[in-house]
Every structure is written in C-alpha cells, then in structure tokens.
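Next come the chains, spelled out residue by residue.
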Amino acid sequence: MVKLETPKAVSKEKLCFSNISRPVLLELRKQTKGYFDETGKETTGNSGLYIKAFSFVAIFFICYLTILLRSNSFGVALCLYAIMGFAAAALGFNLMHDGAHGSFSKKKWLNSLAAYSINLLGGDAVLWKNKHNMIHHTYTNIEGYDQDIAQMPVFRLNTLQKKSFFHRFQHWYSFFIYGLSSLLWIFLLDYQKYFSGKIGNLKISNFKTTDHIVFWVTKVGYIVAYLIVPAIFNGWLITLTGFFVFHFVLGLVLSVVFQLAHVVENTEFSEPPTEGKVEDEWAVHQLKTTSNFATRNRFVTWYTGGLNFQVEHHLFPNISHVHYPELNKIVKRVCFELDVPYNEFPSFSSALGSHLAHLKETGRA
C-alpha cells in the first residue's frame, strides 16, 4: 500500500497544517496508488539501487585501504581522499537517505543498516532522523523551525532573517563555507544537538540508552579510524591534509545538492503562523517550498539518489527514489489539474545560478 502522510515532529511548539479536506494530498495519494497497483512494483528500492549502493561502499573502502596499505605520494593520497569524498556523498544520497526514510528495502533491518551508514561518515542516524525526517520534512522553509535554513550568522537565506554587512558577499564565499560544512556538522553541530537535547526549538525524540552508546562509539571510532590509524601509516601531514580534502569535497557536494532543493529564487519562505496553524495543506506547502533540477540528466539522478527530484521526495518520502521519474509525471499532472505551483529548473547550472542569485538578492535586500 502506498502511504503519503505528513511527518510528525515531537514538540510542545509544533505547528499544524490545514489538512481537513486535503484535496491535493488525496489526489496525489490516489493516482500514486493507482500507478503501483497497475505496475505491481514495490515502493522500495530495486536491484539497481542495491548494486549502486554496494559499488559506492566498495569504492569508499578501496580508497581508504589503499591510503593505508600502499606507499602513496602526497598527490596520489590527496586524490584518493577526494574520491572518498565523492563516494561518501553518494553513500549519503543513495544508501543512508533512502534507509533513513524506510524506503531502501522491504526489510526493516536492511533499512536500519542503511540509515546507520551515516555513522560510518561520523554522523548519527538518530540525530539525522530527528533533524531531517521529522523537522525538515514537516516544517520546510519555515523560519525558526526548519534547521536546514538556520545558518545564521554565516548566511542569510531569506529576508525574515537578520542581515549583517557581510551577507552582501555571501554568494562569493558560499562554496568555501559549504566545503567546511561536514566538518562543522561532525565536530560541532552534532555535539550541540546532543548536549542541548534540542534541534532548534524542537526537542529531540526517541533517544534511548543504546543511542547514547552508539553516538559516543561513533564519535570516538571516527577519530581513531580517520585520523589516528592513517597517521600511523602515513604521518600527520598527509593525514590531516587528506582529511580536510575528503571533508571539503563531501561538504561541498552535500550542501550544493540540498541547497538547490529549497534555497532558490522560486521557492517560498514563511514565518511561523501566529496561531500555530499553516494556512496551506501540507502537500501544497511542500510544493511551494521545494524545487527540482536537472530531472532529465540521468547521471545527476543516478549520482544524487534522485534528490534532484526533490519535489517528489518531499511528497513521497517513504517511496524509494528509483520511482521518482515516474512519480514526477503524476505530480506534474495533478499540479496542473488542481492549479498548484510546481517548481523545477531544467538543468543543474540553471538551478545553481538561481541559488547564487537568491543568495545575492537576499544578502542585499
């Protein structure tokens, strides 16, 4: 059965949506269910996804072991670290992301294993699910709630945020900061969430004793595996430089892909409603705050795990990205029939240009 439900976040200050009649949501649910009933396909991943995920895992570990076990020159080592960065981003897009949403496989244990691949990269699966699944997917682009747009004081991503003099240059320095983002995430922001017990103004839910243990094992193990062990084999110069290159590539790729989904010229940003109720139904809110890019580019779709179909992902978070090209046709048709917005850029470059234009305009507005 196809499910299309509004994610729920646990908080005393949570917002609600105008979901009484839900015409867009119900029509999307009806036509999507019809597609899966007619084709007989499962809503989860397929063999192509599993092969792709395994391939990126293999590339990641081959690079890591080659760095450890072979006497590489400084340049070769840095190239291997860069490839690891691209492979790690692909793991996040294709394995972890679907697993965290429960759409990688029909088997719960395999989804859980896929979701915890983020711990391999130094993150934490439980914190990610709280921030991404529960909060971002519910309160997309709502100021003060969606932490994906809470990047002050470095960036001003919408005109509701306080402006500083240096924001007028944010379209110039954005890529450098994006390259540092995964380092900040792993070594600062995760600890900030963990010790405060909150993500923004929303409480973290479902953090059990085992999750505390996994968090600390992950953080300590990450430092040992990616810094101490490589330094034993290669020395600190190659290790620290390579570690920075790895994270710069990882952070840059992750940030750009996610920014193109919500921080572009045609997406909306909103203040929290005064009475705690968003006027739009949840599905319409997602359509107004989300944008696609390069949906006809097969390589982009393959590498990013379908996250260039971000509209379909936000409407169908529990359906694997392998189905998004077909769901894209359904969503466009429903949006046209019901006269609701649908945001999409034809290419990666046009979406990137729009993102930079948005940063420039917002930094000066």
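Check the entry above for the structure.
The structure reproduced in this document is the subject of the present report. Throughout, a residue's number is its position along its own chain's written sequence, starting from 1. A pLDDT threshold of at least 70 governs which residues receive local features in this predicted model, and a stricter bar of 80 or more applies before side-chain atom pairs are shown or counted, although totals over entire chains, interfaces and linings include all residues. Computation of side-chain values: all heavy atoms of the structure, hydrogens and water removed.

### A few points about the overall build of the protein
Part 1: For the protein, the count of helices and strands is 14 helices and six strands.
Part 2: Computation of the radius of gyration draws on C-alpha atoms, with the globule rule given as 2.2 Å multiplied by the number of residues to the power 0.38. Computed over C-alpha atoms, the radius of gyration of the protein comes to 20 Å, within 12% of the 21 Å expected from 2.2 N^0.38 for 365 residues, which places it in the range of a compact globule.
Part 3: By principal-axis analysis of the C-alpha atoms, the protein measures approximately 65 × 55 × 45 Å.
Part 4: Summary of the burial criterion: residues with accessible area below 20% of their type's maximum are buried, those above 50% are exposed, and those between are partly exposed, where the area comes from a 1.4 Å probe applied to protein chains only. Out of the 365 residues belonging to the protein, those deemed buried represent 52%.
Part 5: Contacts were defined at the residue level, with two residues in contact if any of their heavy atoms lie within 4.5 Å. The contacts in the protein between residues at least 6 apart in sequence include a share of 72% that link residues at least 24 apart.
Part 6: Accessible areas in this description were obtained via Shrake-Rupley with a 1.4 Å probe; residue shielding takes into account the shown protein chains only. Split by element, the accessible area of the protein, about 16,900 Å² in all, is 64% carbon and sulfur.
Part 7: None of His or the chain ends enter the tally, which takes Lys and Arg as positive and Asp and Glu as negative. To locate a charge, the coordinates of NZ of Lys, CZ of Arg, CG of Asp or CD of Glu are taken. Across the protein, 34 positive and 26 negative side-chain charges occur, with their mean positions spaced 6 Å apart. The numbering of helices and of strands both runs from the N terminus, where a helix is a DSSP run of H or I of at least 4 residues and a strand a run of E of at least 2.

### As for helix α3 (residues 74-100)
Part 1: Here a helix's expected span is defined as the number of its residues, less one, multiplied by 1.5 Å. Across its 27 residues, α3 extends 36 Å between first and last C-alpha, which sits within 8% of the 39 Å expected from 1.5 Å per residue.
Part 2: Roughly 35° is the biggest bend found in α3, and it falls at Gly92.
Part 3: A positive backbone phi angle near 75° is found at Gly102, which sits one or two residues after α3. The term bend refers to the angle at a residue between two fitted axes, each drawn through seven residues, those ending there and those starting there.

### Some thoughts on the side chain of Asp124
Part 1: Of note, Asp124 is situated in the loop between α5 (117-120) and α6 (125-136).
Part 2: No salt bridge is formed by the buried Asp124; its nearest oppositely charged neighbour, Lys219, is found at 7.1 Å.
Part 3: Not counting residues up to four positions away in its chain, the partners in contact with Asp124 are Ile118, Asn119, Asp190, Phe207 and Phe215. One side-chain nitrogen of Lys or Arg within 4 Å of one carboxyl oxygen of Asp or Glu is enough to make a salt bridge.

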